[in-house]
Amino acid sequence: MKNTFLLFLLFLPFFGLKAQENIGYQQPPEEILELADAPLAPRVSMDNKGEKFYFAYRSNFKSIAELSEKELRLAGLRINPKTNIGSRQTYYNEILIRVGRTNKEEAVAGLPTKGRFSNFSWSPDENKLALTNTVATGVELWVINFNTKSAKKLTDANLNANIGASYMWLKNSNALLVKKVPSKRKELINTTTSVPTGPTISVSEQGVKAQNRTYQDLLKNKNDEFNFEQLATSELYKVDLNGTNTLWMAQNMYKGMSLSPNGEFIMLNTIEKPFSYLVTYSRFPFSSIIYDLNGNEVYEALKVPLIEDLPKGFMSTRTGRRNISWRSDKPATIYWAEALDGGDPAKKVSHRDEVFQLEAPFTGNATSLLKTIGRFGGMDWGNNTTAIAYDYWWNTRNTKTYLFNPSNNKIAPKMISDRSYQDKYSDPGNFVTSKNEYNRNVLNIEKNNLYLIGDGYSKKGRKPFVDKLNLKNLKTKRIYESDYVGKTLNIVDALDLKKGTFLIRLESKNEYPNYYIQNLKKNKTAVPLTNFKNPFESIQNVTKKIITYKRDDGLDLSGTLYLPTNFEEGKKYPMILWAYPREYKDKKNASQVTANANKFTYPYYGSPIYWVTRGYVVLDDASFPIVGEGNEEPNDTFIKQLVANGKAAIDAVDKLGYIDRTKVAVGGHSYGAFMTANLLTHSDLFAAGIARSGAYNRTLTPYGFQSEERNYWEAPEVYYNMSPFMHADKMKTPLLLIHGEADNNSGTYPLQSERYFNALKGMGAPVRLVMLPKESHGYRSKESIMHLLWEQDRWLELHVKNKKTK
């Protein structure tokens, strides 16, 4: 009786007798804390020759105090109105530089210590690095000179970094175009204390359909409109390296700026009115106007109205010019795509898009370059006679690659590849590019050949490669294939294609990723550029392997299996299964294996890997494909396939003899949380679940979610069957719900977890809801993340490892 009473007291603080618990932020056990608090390796960037480097260091976390700073949520943006930069901006606090591949890192003279650095940009000549530093009153612009190894502040704390890039290098590398807060900006309205002058009214016209996703942080009233306009408005200044600031363009709502390759023209994208309460600022009216360097208007390239209503479907788009940009191989030529189907994917046409170009001085007629069968997806420019175009079509998961002559549209484009973008085994890789005379990346063409760098996934594993593509016969020849054993190779870029010198990254399950330069042509020994140590020594020798198994319908599945650090052969352990469902249009692609046992074991904040130190087997990134072939949509059989995936994973690990299958937890984030709730509702496979930042009632996202294109009224049974909220009466398994109170992800309103908790509580289900103050869809503060790990550990210990047997 005494032992039973003590056990009751032990768990009493965790559950409590009240509906809410008033506890402060907690920390996880030491084994987990040691891993979670390990220092981050720096961000590394280098010039194109691999001779100059900068190393940017930052903390793993923000603080809850930082997340509690003033924040305005307007039109899809989150802004700190005092500093005029994104309120969720990631900052680096120390910058070191290196000149020379084998030299040591050095401090930068004159750079603030413990700054809040962000927005890094190499100068065109790659001798300088621009960056911003956020101080208490705003954002400053700084430049690091690699020749003098010193830094200089170019502006006061008056940059406007609220929308898009806050500055842009000019071609001579001696000046920048900078967005600044207007000197006469009007005072913002305090929306929490202002007195309303009337109701907010929205109107829908008969027959005009606006089937939009459930965006968050939208404008709600005239006060929001006023504040958005003030925060989006900038003046443009030309700032030279001596610190001279000259007004270049009067104030406007500038959201983007780009320089022509020859440096003689500047294209400005400017937001216009009316604003919208239905969509984010990216769909507000805007214009793209080209100016000369003196600020004289040359050409209006684009004028887009408000886009609230589009045809139904993921492949719908607006009519008129879109994706307007500069040709990287020409001095000053713009190109763009236009829909040939009216932007309506339901229309049957031979080609979806047509791509046009227009060269300076932009006075003639545009020239057609090519038509694409799918929706235009991008371009790799080469020279006058060689360019690569891409298209894609979501409904079939198809992508095509075209080789075409940009100087002669009478020559039909040649199809290089026509494949499913979900087919990793057939991925031909990415074309190698190099800098041209305009300092822009263009196709590296060597003796009528192009080169591709690929990941090299296949049934035999992963073998990164370099291929040579003959432009005449379109045949490829493999000139390098990785022969590394026990390591993972990533071929990052070609430094000198003729010599065969490449920038690579090497890692293993217990060796931190590091950069090297290697001659792959001669297969010489890799020369190290970095030497980052493994900060996770306590799990560096953990057993890690890729397991493959079959679903009950024969579909091949896989996952990355970790055994506990205290593993003993023959002993049965509890298990954590972590996954994220993905939709496919064919079984062949759904069954491909892309996991790699030689990839570095990195326990980031959302990872389940921490629990190998607590005596758990972990099956991470388990395959959870949802397949719908032909006319069948994946979600038509979502629940059936979901449960089959879960059962197959447990069966596979159980067959290996590692686990007690009555002590298995399942967890996931976002759509993985949605998966978790459904698995607990529709099966008895699991002892407990952890669902973070999910959506549980699909009727609250009526115009589609994830990869579901149909709206609620077209497929009400699908929405109903897939919604755990609708089946709360069936859910009897312990579930830990966690959500950021400031979640801004489309569809995953905090309300989703709150209402699901209320439904489960009303039906008597064992459930715990943890709302993390100030946190968004991903969690940032140290206080929140440590508490998250504590909550998850306590839940697993109680309901899985120490599960009460009936």
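On a predicted model such as this, the values are computed, not experimentally measured, just so you know. Here the residue index of a chain counts from 1 through its sequence in written order. With the structure being a predicted model, the display of local features is reserved for residues of pLDDT at least 70 and the display and counting of side-chain atom pairs for 80 or more, all residues being used for whole-chain, interface and lining totals. Only hydrogens and water are set aside; all other atoms, that is, all heavy atoms of the structure, feed into the side-chain values.

Participant: Where do I start with the sheet that holds strand β16 (residues 254–259) in this structure?
Facilitator: To summarise the sheet geometry, strands pair through backbone hydrogen bonds and adopt either a parallel or an antiparallel arrangement. Read across the sheet, four strands follow the order β16-β17-β18-β19 without closing on themselves; strand pairing throughout is antiparallel. Both outer strands of the open sheet, β16 and β19 (297–304), are each paired with one neighbouring strand and no more. Neighbouring strand axes in the sheet, compared pairwise and without regard to direction, differ in orientation by 15 degrees on average. If DSSP finds at least two bridges between two strands, the strands pair. Here a helix means four or more residues in a row that DSSP labels H or I, a strand means two or more in a row labelled E, and each is numbered from the N terminus. Relative to β19, strand β18 (residues 286–292) is paired through six bridges, and the arrangement is antiparallel. When the sheet's bridge partners are listed, Phe286 is paired in β19 with Val304. What counts as an axis is a line fitted to C-alpha atoms, over the stretch in contact for a helix, and the angles between N-to-C directions run from 0 to 180 degrees.

Participant: Any chance you could explain the packing of aromatic side chains here in plain terms?
Facilitator: Each aromatic ring pair is specified by the distance between its two centres and by the angle formed by the two planes. Stacked, tilted and edge-to-face are the three classes assigned to paired rings of Phe, Tyr and Trp, where Trp is represented by its six-membered ring and a pair needs centres within 6.5 Å; plane angles under 30 degrees give stacked, over 60 edge-to-face, the rest tilted. Scanning all chains against the criterion turns up 37 aromatic pairs. Between Phe228 and Phe284, the aromatic rings sit 5.6 Å apart at their centres with planes inclined by 80 degrees, giving edge-to-face as the arrangement. Here Phe228, found in helix α4 (residues 222–232), pairs with Phe284, found in the loop between β17 (265–271) and β18; they are 56 residues apart in sequence, far enough to count as distant. The classification of residues rests on relative accessible area computed with a 1.4 Å probe and restricted to protein chains. Under 20% of the type maximum is buried, over 50% is exposed, and intermediate values are partly exposed. With relative accessibility at 1%, the residue Phe284 sits in the buried group. With centroids separated by 4.8 Å and ring planes inclined at 20 degrees, the aromatic side chains of Tyr696 and Tyr756 adopt a geometry described as stacked. Here Tyr756 lies in helix α9 (residues 750–762) and Tyr696 lies in the loop between β47 (688–692) and α8 (716–722), a separation of 60 residues in the sequence. The pair formed by Tyr696 and Tyr756 is uniform in burial state, with each residue classed as buried.

Participant: Whenever I open this one, α9 confuses me. Can you help?
Facilitator: Because an α-helix completes one turn every 3.6 residues, residues spaced three or four positions apart along the sequence face the same direction. Compared with an ideal rise of 1.5 Å per residue, which puts 13 residues at 18 Å, α9 spans 19 Å between its outermost C-alpha atoms and is within 8% of the ideal. Looking at α9, one finds that the buried residues are Pro750, Gln752, Ser753, Tyr756, Phe757, Ala759 and Leu760. Whether two residues touch is decided by their heavy atoms; if any such pair falls within 4.5 Å, the residues are in contact. Among the structural elements, α7 (671–682), β48 (735–740) and β49 (767–772) are those in contact with the buried residues of α9. Following α9 by one or two positions, Gly764 has its phi on the positive side, about 80 degrees. Between the first and last residue of a helix there are one fewer steps than residues, each counted as 1.5 Å, and that sum is the expected span.

Participant: Any chance you could explain the sheet that holds strand β38 (residues 511–519) here in plain terms?
Facilitator: Read across the sheet, four strands follow the order β36-β37-β38-β39 without closing on themselves; strand pairing throughout is antiparallel. Each of the sheet's edge strands pairs with one partner strand only, and the pair in question is β36 (488–496) and β39 (527–528). Two elements, β38 and β39, share two bridges in a ladder whose sense is antiparallel. In the sheet register, Ile517 faces β39, and the bridge partner there is Val527.

Participant: How do you make sense of the pairing of strand β22 (residues 353–359) when you look at a structure like this?
Facilitator: As a general feature of sheets, a regular strand has side chains that alternate between the two faces. Of all seven residues in β22, six are buried, a share of seventy percent or more. As paired elements, strand β21 (residues 333–339) and β22 share seven bridges and run antiparallel to each other. Each bridged residue has a counterpart across the sheet, and for Glu338 the counterpart in β22 is Glu354. Sheet analysis places β22 next to strand β23 (residues 367–372), joined by five bridges and oriented antiparallel. Counterpart to Glu354 in the pairing with β23 is Lys371.

Participant: Where do I start with the environment of Gly689 in this structure?
Facilitator: Within the secondary structure layout, Gly689 lies in strand β47. Ignoring anything within four residues of it in the chain, the contact list for Gly689 reads Val666, Thr676, Leu680, Pro734, Leu735, Leu736 and Trp795.

Participant: What exactly am I supposed to notice about the pattern of salt bridges here?
Facilitator: Pairs can form between side chains of opposite charge once their charged atoms are near each other. Only one rule defines a salt bridge in this text: a Lys or Arg side-chain nitrogen within 4 Å of an Asp or Glu carboxyl oxygen. Per the counting criterion, the structure on display carries 39 salt bridges. For Lys647, the salt bridge goes to Asp651, with nearest N and O atoms at 2.8 Å. On the criterion of helical spacing, the pair formed by Lys647 and Asp651 is a turn pair, its members being four residues apart in helix α6 (residues 638–655). For Lys647, a relative accessible area of 43% gives the class partly exposed. A cluster of three or more residues bridged by salt bridges with shared partners is formed by Glu31, Arg614, Asp793, Glu797 and Lys801.

Participant: Could you clarify how one ought to interpret the packing of α6 against α7 in this entry?
Facilitator: Between two packed helices, what matters for the description is the angle formed by their axes and the separation of those axes. Interaxial distance between α6 and α7 falls to 10 Å at its minimum, and their mutual angle equals 85 degrees. When the axis of α6 is compared with that of α7, the two are roughly perpendicular. In this structure, α6 uses Phe638, Ile639, Leu642 and Val643 to contact α7, whose residues at the interface are Tyr671, Phe674, Met675, Asn678, Leu679 and His682. Gly counts as polar in this scheme, as do all residues outside two lists: the nonpolar Ala, Val, Leu, Ile, Met, Phe, Trp, Tyr, Cys and Pro, and the charged Asp, Glu, Lys and Arg. Along the lines of polarity and charge, the residues of the contact of α6 with α7 split into eight nonpolar, two polar and no charged. Geometric relationships in this document are graded by angle, where less than 35 degrees denotes roughly parallel, more than 145 denotes roughly antiparallel, 65 to 115 denotes roughly perpendicular, and other angles denote oblique.

Participant: Looking at this structure, how should I read the side chain of Ser45?
Facilitator: Among the secondary structure elements, Ser45 is positioned in strand β1 (residues 43–46). Here a polar contact is taken to be a pair of N or O atoms separated by no more than 3.5 Å, where protein atoms must pair a possible hydrogen donor with a possible acceptor and residues adjacent in sequence count only if both atoms sit in side chains. At 3.0 Å, the side chain of Ser45 forms a polar contact with the side chain of Trp122. Sequence-distant contacts of Ser45, that is, excluding residues within four places in its chain, are made with Lys52, Phe53, Tyr54 and Trp122.

Participant: Sorry, what's going on with the confidence of the model for the chain here?
Facilitator: Low-pLDDT portions of the prediction should not be read for the details of their coordinates. Residue-level confidence of the predictor is what pLDDT reports, using numbers from 0 through 100. When pLDDT is averaged along the chain, the result is 94, and 96% of the positions lie at 70 or above. Segment residues 1–18 is flagged for pLDDT under 50; beyond a separation of four residues in sequence, or across chains, it makes 16 contacts in the model.

Participant: Help me out: how do you make sense of the environment of Tyr516 in this one?
Facilitator: The topology assignment puts Tyr516 in strand β38. Residues Tyr516 and Ala130, 386 residues apart in the sequence, show an inter-C-alpha distance of 25 Å. Beyond its immediate chain neighbours, meaning those up to four positions away, Tyr516 contacts Phe502, Leu503, Ile504, Leu506, Ala526, Val527, Pro528 and Leu529.

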